[in-house]
Amino acid sequence: MTTAAPSRPVPHPGVLQIEAYVPGKAQAGHGVKVHKLSANENPLGASPKALEAFRDAAALELYPDGSSTRLREAIGGAYGLDPARIVCGTGSDELITLLATAYAGPGDEVVYSQYGFLIYRIATLAAGATPVVAPEHDLRTDVDALLAAVTERTRIVYLANPNNPTGTYIPFDEVKRLHRGLPPHVLLVLDAAYAEYVRRNDYESGIELVATSPNVVMLRTFSKIHGLAALRVGWMYAPAEVADAINRIRGAFNVNAPGLAAAGAAIADTGHVERAIAHNEEWLPRLTRELTALGLTVTPSVTNFVLVHFPETPGRTAPEADAFLSARGLILRRMDGYGLPGALRLTIGTEEANRLVVAALSEFMKNGNGLMGEGHGS
């Protein structure tokens, strides 16, 4: 008995298992000043030097440098890396997807932690591979759980360190322990999108491990500390063989010319990065203290955001807090897609936005959601 041919093109089953990534919302009620604190963007914006380079690169009729040569050289100079082992992409998201495409497929497994970045699952399913989720402990990556999830079918382990959306991290010794426990054919992908914000002596982004290992890749982005989220520029440092494989399948002109120019200027403007770090160093502990004092639970974070947990008490739940804040133009990130419906993720914003969030949540925790019609835009 033959099976009838489908009546239209059908994607492979993995694609149909994907729930599309939903970005944080960016709008509130009409006439309300919006403070967007849902996407972990830099509240200081981009470097003035990056903005100038962006404007100067606006020859829209010309193709960009398909090899991102100058940007790779700038990154290599900044970190002491071989530019030949650097690959640039349309944000680190593209590189996550390309790694899955190159190294995993039907019959293979890809491992990541329970609250790891949602793109890991999407990239895995798009490649036709099977996602395998390792449980976390206290919203922190559990190395033993990751190693227990590895089988003979595992091809990639994605590790976000620090992790989004929890803001937690594991020390470099734990990363090295994870690496030692992996078979040599398994690729360990260290996603260090928030590395610049970490102020811990036991943290390392992964450069050392990539330099000495044939099966480790480190991913970085210009979207966070450098404030270039609109341009979508990321990069990876990889073994020469991995870089070669990704260069064979990436788009020929995958990074746009203004993005290349702005990123090159941004990485050279260390003063802007230091100002962004200083702002975060002031407000991360301050917001954590003030929100905790309101009776909320805040997961300890080393990033530019905090995960805020709300009680299950009617009138004071996370969805109700989200509606209450949105009505006042304060846009946080719902965590339902990560299996954390009782939490909201709050990006460290400008001083004005941070103060408004604390004031609004103080009102919310005191009175619940019964004041939705009052204080609009406060």
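Going by an unreviewed UniProt entry, the protein chain carries the name Histidinol-phosphate aminotransferase and comes from Ancylobacter crimeensis. Listed in UniProt under the heading Subunit (unreviewed entry), the comment for the protein chain reads: "Homodimer."

Enquirer: Please provide a residue-by-residue account of the UniProt feature "modified residue: N6-(pyridoxal phosphate)lysine" (unreviewed entry) in the protein chain, values included.
Expert: As recorded in UniProt, the feature "modified residue: N6-(pyridoxal phosphate)lysine" (unreviewed entry) lies at K224. Tracing the sequence through the fold places K224 in the loop between β7 (216-221) and β8 (234-237). Sequence-distant contacts of K224, that is, excluding residues within four places in its chain, are made with A39, N40, N42, A193, Y194 and Y197.

Enquirer: Which residues make up the sheet that holds strand β6 (residues 187-191), and what values go with them?
Expert: Taken in spatial order, the seven strands line up as β2-β8-β7-β6-β5-β3-β4 in an open sheet, and their pairing is mixed. With partners counted over all chains shown, the strands left at the sheet margins are β2 (86-89) and β4 (130-134), one partner each. Across the sheet, the mean angle separating the axes of adjacent strands is 20° when strand polarity is ignored. Bridge analysis of strand β3 (residues 109-113) against strand β5 (residues 154-160) gives three bridges, and the strand direction is parallel. Across the sheet, V110 pairs through a bridge with I156, a residue of β5.

Enquirer: Any chance you could break down helix α9 (residues 240-249) for me, citing the residues and the numbers?
Expert: Each turn of an α-helix holds 3.6 residues, which means side chains three or four residues apart point in the same direction. All of the buried residues in α9 are V242, A243, A245 and I246. Seen end-on, α9 carries its buried residues on one side only, within an arc spanning 160°. Looking at α9, the residues exposed on the side facing more than 90 degrees away from the buried face are E241 and R248.

Enquirer: Can you explain the pairing of β5? Please cite residues and give values.
Expert: With six of seven residues buried, β5 lies mostly within the body of the structure. In this sheet, β6 lies alongside β5 in parallel orientation, the contact comprising five bridges. Paired with Y158 across the two strands is V189, which belongs to β6. Following the chain from β5 across helix α7 (residues 172-180) to the adjacent parallel β6, one finds a crossover that is right-handed.

Here is what the cut-offs are and how they apply
Residues numbered from 1 in each chain as written. Predicted model: local features only at pLDDT ≥ 70, side-chain atom pairs only at ≥ 80, totals over all residues. Heavy atoms only, no water. UniProt positions renumbered as here; feature names shortened; annotations may be inferred. Helix = DSSP H or I, 4+ residues; strand = E, 2+ residues; numbered from the N terminus. Contact = heavy atoms within 4.5 Å. Pairing = 2+ DSSP bridges. Axes fitted to C-alpha atoms, helices over the stretch in contact; angles between N-to-C directions. Buried < 20%, exposed > 50% of the residue type's maximum accessible area, 1.4 Å probe, protein only. Arc of directions from axis to C-beta. Right-handed = clockwise from strand over helix to strand, strands pointing away.

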